[in-house]
Amino acid sequence: MPVSQRRRIPRLIGSLLLVATAGVGCGEASADSGGGDSRGADGKAAAAEPEVRPLGRIIPVPASVTPEGEPYTLTHATRIGIDETSRESRAVGRYLAGLLRPSTGFPLHIVDEDAARGGIRLRLDREDTGLGDEGYRLHSAPDGVTLTARTPAGLFRGVQTLRQQLPSAVERRTVQQGPWKIAGGTITDTPRYAYRGAMLDVARHFFTVDEVKRFIDQLALYKINTLHLHLSDDQGWRIAVDSWPRLTTHGGSTEVGGGPGGFYTKEQYKEIVRYAASRYQEVVPEIDVPGHTFAALSSYAELNCDGVAPPLYTGIKVGLSSLCVPKDVTYDFVDDVIREIAALTPGRFLHIGGDEAHSTSHADYVTFMDKVQPLVGKYGKTVVGWHQLTGTKPVEGALVQYWGLDRTPLAEKERVAAAARDGAGLILSPADRSYLDMKYTKDTELGLAWAGTVEVRRSYDWDPATYLAGAPESAVRGIEAPLWTETLATTDDLDVMAFPRLPGLAELGWSPAETHDWDTYKVRLAEQAPRFDALGIGYYRSPQVPWPGE
Ligand code: TNX
């Protein structure tokens, strides 16, 4: 792991140009809705965007696609029909109208289902058990679009499909030229995995509530349903804890490189949770213990075995800090923190970190985790931990997040696989595949390379079900793409590392294994380029992808 700190260097010129042409306030029709150079799926550039995007040419690719008949055309008269008895169905309807209004300029009134003939109907069918918790069916024909789901979450996922079927210009925030067509036919779609996550490290560099919301919106587009927030680390404590106030006033006051840091008040954290919930994402808060704790140790001298508070840490080494395992006050501290954060979090999980505790002896690690895991259950949450947690016995029902890589010692892999055979759930986040902070190539300006470089194809081309030898497929709950931020300080930095790898990881989590195919995926990915542009997302123009216009 490199230890040198990164300097602020100007963005890649390519992504600068992309952002510049994308922006908010661009009143003209985008250049992406027709014409231009086009090359095909044979490894050359993708076709320029057609007027009607073929049904199912989206990310994640749907489970079943049956094109049929003529497209639907959205007009000034289109209404959105909802089930008026469901508040959540109305909220999804409003969200859809809010997505489409700025670029189409259409009023898109929300009405009762029956009054929406010829429009877009959002139907809840609680009996349609085949659609599961997040599945949906989208039927499109000239006389209307019907989206059916068993749950509001399913409607929300279906809305993302509908959105991606429309031309990319729909993502712009000013009125654009139509036509706004949705190809005819039927999509029936359910996710492969129940847990499809992304992690944002707000500890190494702090990101504001609005910046986190922007990230949540990016995740929503690709049907990700879990936002893991890495809320504490050596360089910063980012969430208010009333019983230990110096954690934020002191421990939140800096970040990597010595910047001002920051933290979320309880109200702000709740605002993030609420916003995530409105996108049907569950927040998993992480308090990383017993290592990664300089911010806490520096805030309270009594948490240190020698009773001396170390200075705040702004470097990027890992493994240098540990809570004091023999002291009772350590467990009072952890109990208070877990209690307060559990009370703010409606989701099922609480992540206790447990990684890279190189300054904690193995015996102490086991003692600590055996005491701390039950505290999570005491406050009604399920334990999640990085896979080192299998150095002790994960409590029943715990989820273990595997971040190993090809070169991880076999004994370590086997320990995690054994825990999975013993009943632990597995979340796969292999560092050399899913870590969004790894450099794409040795020339990538941002990011780290301790797990090697991770080009776009490498991040997509693996199978979560079989990735960890010896772990039963049934133990795999899903995948997560972590975005660590030692070298990332701005949303531009986040964008260029997450894009375009994030959509591929989202597809691994959602789409059936049989659909997995790099050659067709890379063409669909190339087709996302004008959408990234319209959303103001500066992305890495990987030479592996046949981007339009190249
Ligand atoms: C490893 S893998 C870490 C983090 C770093 C990251 C940087 C794991 C659970 N921990 O502390 O931020 O690498 O890539």
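What counts, and where the lines are drawn
Residues numbered from 1 in each chain as written. Predicted model: local features only at pLDDT ≥ 70, side-chain atom pairs only at ≥ 80, totals over all residues. Heavy atoms only, no water. UniProt positions renumbered as here; feature names shortened; annotations may be inferred. Near = heavy atom within 4 Å. Polar contact = N/O pair within 3.5 Å; in protein donor to acceptor, adjacent residues only side chain to side chain. Areas by Shrake-Rupley, 256 points an atom, 1.4 Å probe, with all protein chains shown as cover. Disulfide = S-S within 2.5 Å. Helix = DSSP H or I, 4+ residues; strand = E, 2+ residues; numbered from the N terminus. Buried < 20%, exposed > 50% of the residue type's maximum accessible area, 1.4 Å probe, protein only. Contact = heavy atoms within 4.5 Å. Expected span 1.5 Å × (residues − 1).

Named according to an unreviewed UniProt entry, the protein chain is beta-N-acetylhexosaminidase originating from Streptomyces narbonensis. UniProt lists a comment for the protein chain under the heading Catalytic activity (unreviewed entry), and it reads "Hydrolysis of terminal non-reducing N-acetyl-D-hexosamine residues in N-acetyl-beta-D-hexosaminides."

Caption draft 1: Local environment of the site of the ligand. In the vicinity of the ligand, 15 residues are found, and the nearest of them are Arg204, Tyr435, Asp437, Trp450 and Glu486. Between the ligand and tryptophan 450, the relevant distance is 2.8 Å, taken from an oxygen atom to a side-chain nitrogen or oxygen of the residue. About the coverage of the ligand: the protein hides 100% of its 370 Å² of free accessible area.

Caption draft 2: How the structure looks around the state of the cysteines. All chains considered together, the criterion is met by one disulfide. The disulfide partner of cysteine 305 is cysteine 324, and the S-S distance across this bridge is 2.0 Å. Taking the torsion about the sulfur-sulfur bond, which here is approximately 100°, the covalent link between cysteine 305 and cysteine 324 counts as right-handed. Residue cysteine 305 is found in the loop between α7 (294-299) and α8 (328-344), and its partner cysteine 324 is found in the loop between α7 and α8; the two are separated by 19 residues along the sequence. Under the relative-accessibility criterion, cysteine 324 is labelled buried at 3%.

Caption draft 3: Region of interest: the UniProt feature "domain: Beta-hexosaminidase bacterial type N-terminal" (unreviewed entry) in the protein chain. The sites that carry the UniProt feature "domain: Beta-hexosaminidase bacterial type N-terminal" (unreviewed entry) are, in the present numbering, residues 57-189. Secondary structure across residues 57-189 comprises 24% helix and 29% strand; the distance between its end C-alpha atoms is 13 Å.

Caption draft 4: The side chain of asparagine 225, seen in detail. Relative to the helices and strands, asparagine 225 resides in the loop between α4 (209-221) and β11 (226-230). For asparagine 225, the contacting residues outside a window of four places in its chain are Glu134, Arg157, Ala194, Tyr195, Arg196, Tyr280, Gln281 and Glu282.

Caption draft 5: Broad picture of helix α2 (residues 87-104). The first and last C-alpha atoms of α2 sit 25 Å apart over 18 residues, in line with the 26 Å expected at 1.5 Å per residue. Those residues of α2 lying buried are Ser89, Val92, Gly93, Tyr95, Leu96, Ala97, Leu99, Leu100, Ser103 and Thr104. Residue glycine 105 follows α2 closely and has a positive phi angle near 75°.

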